[in-house]
Amino acid sequence: MLNHKGTKTIETDRLILRQFTMADAEPMFRNWASDDEVTKHLTWPTHASVEVSRMVLPDWTSGYRKPDYYQWAIVLKKNGPEPIGSISVVHIKGKTRCATIGYCMSRAHWGKGIMAEALTAIIDFFFEEVGINRVEADHDPNNPASGRVMEKAGMTYEGTSRQEGWSNQGIIDVSRWAILRQDWEVHREQAT
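Just so you know, these numbers come straight off a predicted model, no measurement behind them.

**Structural notes on the overall build of the chain**
Check the secondary structure of the chain and you find six helices and eight strands. The secondary structure elements of the chain, listed N-terminal to C-terminal, are β-β-α-α-α-β-β-β-α-β-α-β-β-α. The dimensions of the chain, computed from C-alpha atoms along their principal axes, are 45 × 35 × 30 Å. Of all 192 residues assigned to the chain, the portion counted as buried reaches 47%. Restricting the contact set of the chain to residue pairs at least 6 apart, pairs at least 24 apart contribute 66%.

Printed below as a string of C-alpha cells:
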C-alpha cells in the first residue's frame, strides 16, 4: 500500500525541490520551456510565449491538492527562488507500486550533475516515505545524456523498445532504466 505524501519540499546539498507557483511562469519560459534544444526529446511542444507557460501552471498548481500528485520545481540554492527545471511523476502503477519519472532542465545547467542530484532525491523520497517498490524512467537513445543521469542516480538499464514512443522528433525508440527498492536498500547499506 502506498503512503502518498504529495509534492513535499525536498532539500539536497545544492537544490531545493518545491511546488510550482504562478510566479514561476516567467523563469519557466525563459529557462527551459522556450528552448527547442530542451524540448527536442520531450512530448510537449516548445512554449511559443510566456502565456503558454502561464496556461500550464494552473493545472500543475491545482494538482497539489491531491496527495498522489508529484510535480517539483528544481531550484539551485545559490540562485535564489528561480526554478531551472522540473521533475515529476508522469505515471503511478498502484498495484505494482511503480512510479515513472520525467524531467527537464535549463540547458545552461546541463552536465553539472544537477538533474542526477534531483532524481536521486526523488528516488530516496519515494522509497523512504511513499512505499514505492520501483522507480523507472525512459529516454530516447538519441539523448544519451538523459541515460547518464539515470545511471548516476543508481538506476539500471533494462533495455530499449524499438519505435515504442513518441517525442517532438516523431516516433522513437525508448530506453528504460529502473531501480527497485531492494537494490536501493543494498546500495544504501554499502554507502554507510
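**A short note on the side chain of Arg18**
When you line up the elements, Arg18 lands in strand S2 (residues 15-19). There is a polar contact of 2.8 Å between the side chain of Arg18 and the side chain of Asp24. For Arg18, the side chain forms a polar contact with the main-chain oxygen of Pro81, separated by 2.7 Å. Setting aside residues no more than four positions away along its own chain, Arg18 makes contact with Thr9, Asp24, Gln71, Trp72, Ala73, Val75, Pro81 and Pro83.

**A look at the pairing of strand S4 (residues 83-93)**
The sheet contact formed by strand S3 (residues 71-76) and S4 spans five bridges and is antiparallel. In the strand pairing of S4, Gln71 is matched with Ser88. Adjacent in sequence and paired antiparallel, S3 and S4 are bridged by six residues, among which Gly80 carries a positive phi angle near 85°. As paired strands, S4 and strand S5 (residues 98-105) are joined by eight bridges and run antiparallel to one another. Note on S5: the bridge partner recorded for Lys93 is Cys98.

What counts and how
- Residues numbered from 1 in each chain as written.
- Predicted model: local features only at pLDDT ≥ 70, side-chain atom pairs only at ≥ 80, totals over all residues.
- Heavy atoms only, no water.
- Helix = DSSP H or I, 4+ residues; strand = E, 2+ residues; numbered from the N terminus.
- Buried < 20%, exposed > 50% of the residue type's maximum accessible area, 1.4 Å probe, protein only.
- Contact = heavy atoms within 4.5 Å.
- Polar contact = N/O pair within 3.5 Å; in protein donor to acceptor, adjacent residues only side chain to side chain.
- Pairing = 2+ DSSP bridges.

Taken by themselves, the reported measurements are silent on function.
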